[in-house]
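What follows is each chain in one-letter form.
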Amino acid sequence: MARLVNIGFGNLVNADKVLAVVSPDAAPIKRMVSKAKEEGTLIDATQGRRTKAVLVLEEGRLLLSALQTDTLFRRFQSDIQSMEERDESEDA
């Protein structure tokens, strides 16, 4: 079953498909975003707001989020913890 995590403003991502969450400020990341935009593999989920995180997905896709990397990290961690709790309760 797909684990969907809220990446801001009602947008969800399949947590199993995320390889990395990085800051958009570094020059290599900016080049990756430009290249993805040209190739049509960029997904903009910022809702017109400033990009604060870039999620690198499987198959070379990039996803832009208006949430900070720390916020996304906490959401992914929270999702993992809730999955573990559910597994423990099912085993009992």
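Every chain is numbered on its own, with residues counted from 1 as its sequence reads. Predicted model: local features are reported for residues with pLDDT of at least 70 only, side-chain atom pairs are reported and counted for 80 or more only, and whole-chain, interface and lining totals are derived from all residues. Each side-chain value is derived from all of the structure's non-hydrogen atoms; neither hydrogens nor water enter the calculation.

Explain helix H2 (residues 69-91) to me, please; I cannot follow it from the model alone.
Working note: α-helix, 3.6 residues per turn, so residues spaced by three or four point in the same direction. Helix and strand labels come from DSSP, where a helix needs a run of H or I of at least four residues and a strand needs a run of E of at least two; each type is numbered from the N terminus. Expected helix span is given by 1.5 Å per residue-to-residue step, counting one fewer step than there are residues. Under the 1.5 Å per step criterion, the end-to-end length of H2 is 33 Å for 23 residues, consistent within 8% with the ideal 33 Å. We call a residue buried when its accessible area falls under 20% of the maximum for its residue type, exposed when it is over 50%, and partly exposed in between, using a 1.4 Å probe and counting protein chains only. By the burial criterion, the buried members of H2 are Leu72, Phe76 and Asp79. Summarising the contacts, the buried residues of H2 are in contact with strand S1 (4-8), strand S2 (11-14), strand S3 (18-22), strand S5 (53-57) and strand S6 (62-65). Any two residues having at least one pair of non-hydrogen atoms within 4.5 Å are treated as being in contact.

Any chance you could explain the pairing of S2 here in plain terms?
Where a strand is regular, its side chains alternate between the two sheet faces. Across four bridges, the pairing between S1 and S2 is antiparallel. Its bridge partner being in S2, Gly8 is matched across the sheet by Asn11. Strands qualify as paired when DSSP identifies two bridges or more between them. In sequence, S1 turns back onto S2 through a hairpin of two residues, with Phe9 there showing a positive phi of about 55°.

Is there a simple way to think about the side chain of Thr41 in this case?
By the element assignment, Thr41 lies in the loop between helix H1 (27-39) and strand S4 (42-44). Ignoring anything within four residues of it in the chain, the contact list for Thr41 reads Ala36, Gly60, Arg61 and Leu62.

What should I look at first to understand the sheet that holds S4 in this one?
Within a sheet, neighbouring strands are paired by backbone hydrogen bonds and run either parallel or antiparallel to one another. Within the open sheet, the four strands sit side by side as S3-S5-S6-S4. Their pairing is mixed. The outermost strands of the open sheet, each flanked by one partner alone, are S3 and S4. Between one strand and the next, the sheet's axes are offset by a mean angle of 20°, whatever the strand orientation. Pairing between S5 and S6: four bridges, direction antiparallel. Lines fitted to C-alpha atoms define the axes, with helix axes restricted to the stretch in contact, and inter-axis angles between N-to-C directions lie between 0 and 180 degrees.

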